[in-house]
Amino acid sequence: MQQVNVKFNNVKQIEQFVNIIEQFEAHFDLESGQKVVNAKSILGVFALDLSEPLSLCYSSKDAVLIEKIEPFLYRHE
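Residues numbered from 1 in each chain as written. Predicted model: local features only at pLDDT ≥ 70, side-chain atom pairs only at ≥ 80, totals over all residues. Heavy atoms only, no water.

## Quick notes on the overall build of the chain
Okay, step 1: Along its length, the chain carries three helices and four strands.
Okay, step 2: Taking 11 Å as the expected radius of gyration for a compact globule of 77 residues, we find that the chain reaches 11 Å, a close match to that expectation.
Okay, step 3: Viewed in the frame of its principal axes, the chain has a C-alpha envelope of about 30 × 30 × 25 Å.
Okay, step 4: Buried positions account for 39% of the 77 residues belonging to the chain.
Okay, step 5: In the structure as shown, the chain presents an accessible area of about 4,900 Å², 47% of it carried by carbon and sulfur atoms.
Okay, step 6: Counting 7 positive and 11 negative side-chain charges, the chain places the averaged centre of each group 1 Å from the other. (Helix = DSSP H or I, 4+ residues; strand = E, 2+ residues; numbered from the N terminus. Rg over C-alpha atoms; globule rule 2.2 N^0.38 Å. Buried < 20%, exposed > 50% of the residue type's maximum accessible area, 1.4 Å probe, protein only. Areas by Shrake-Rupley, 256 points an atom, 1.4 Å probe, with all protein chains shown as cover. Lys, Arg positive; Asp, Glu negative; His and termini not counted. Charge placed at Lys NZ, Arg CZ, Asp CG, Glu CD.)

Laid out in structure tokens, this is it:
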């Protein structure tokens, strides 16, 4: 499993993110504290604490995936 941190600033970003990862034949989990949800489920994503960065665990090694989700990646500054 690969892992990156993501952060969403608004509902539109969440919709875009879910639409992007639905295109991949891989498993995606989003974690916030003790909660883990299927990242392809928009309702699941909304159940998380979106005020903090989320941990995205995924089973894809497709380099295109990171390019597509790059706008949502969270990096400490």
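There's more to say after this.
## Here's the deal with the pattern of salt bridges
Close approach of charged atoms allows side chains of opposite charge to pair.
Okay, step 1: Per the counting criterion, the structure on display carries one salt bridge.
Okay, step 2: One salt bridge connects glutamate 70 with arginine 75, and the closest N-O pair in it is separated by 3.2 Å. (Salt bridge = Lys/Arg side-chain N within 4 Å of Asp/Glu carboxyl O.)

## Some details on the pairing of strand 4 (residues 54–58)
Okay, step 1: Here strand 4 lies mainly inside the structure; five of its five residues are buried.
Okay, step 2: Going residue by residue along strand 4, you find Leu54, Leu56 and Tyr58 tucked away on one face and Ser55 and Cys57 tucked away on the opposite face as well.
Okay, step 3: Two strands pair when backbone bridges link them, and strand 1 (residues 2–6) and strand 4 are joined in this way by five bridges, in the antiparallel orientation. From the neighbouring strand, glutamine 3 faces strand 4, where its bridge partner is cysteine 57.
Okay, step 4: When strand 2 (residues 28–32) meets strand 4, the two strands line up antiparallel, connected through four bridges. Bridge assignment links leucine 30 to a residue of strand 4, and that residue is leucine 56. (Pairing = 2+ DSSP bridges.)

Without other data, these values stay purely geometric and don't point to any function.
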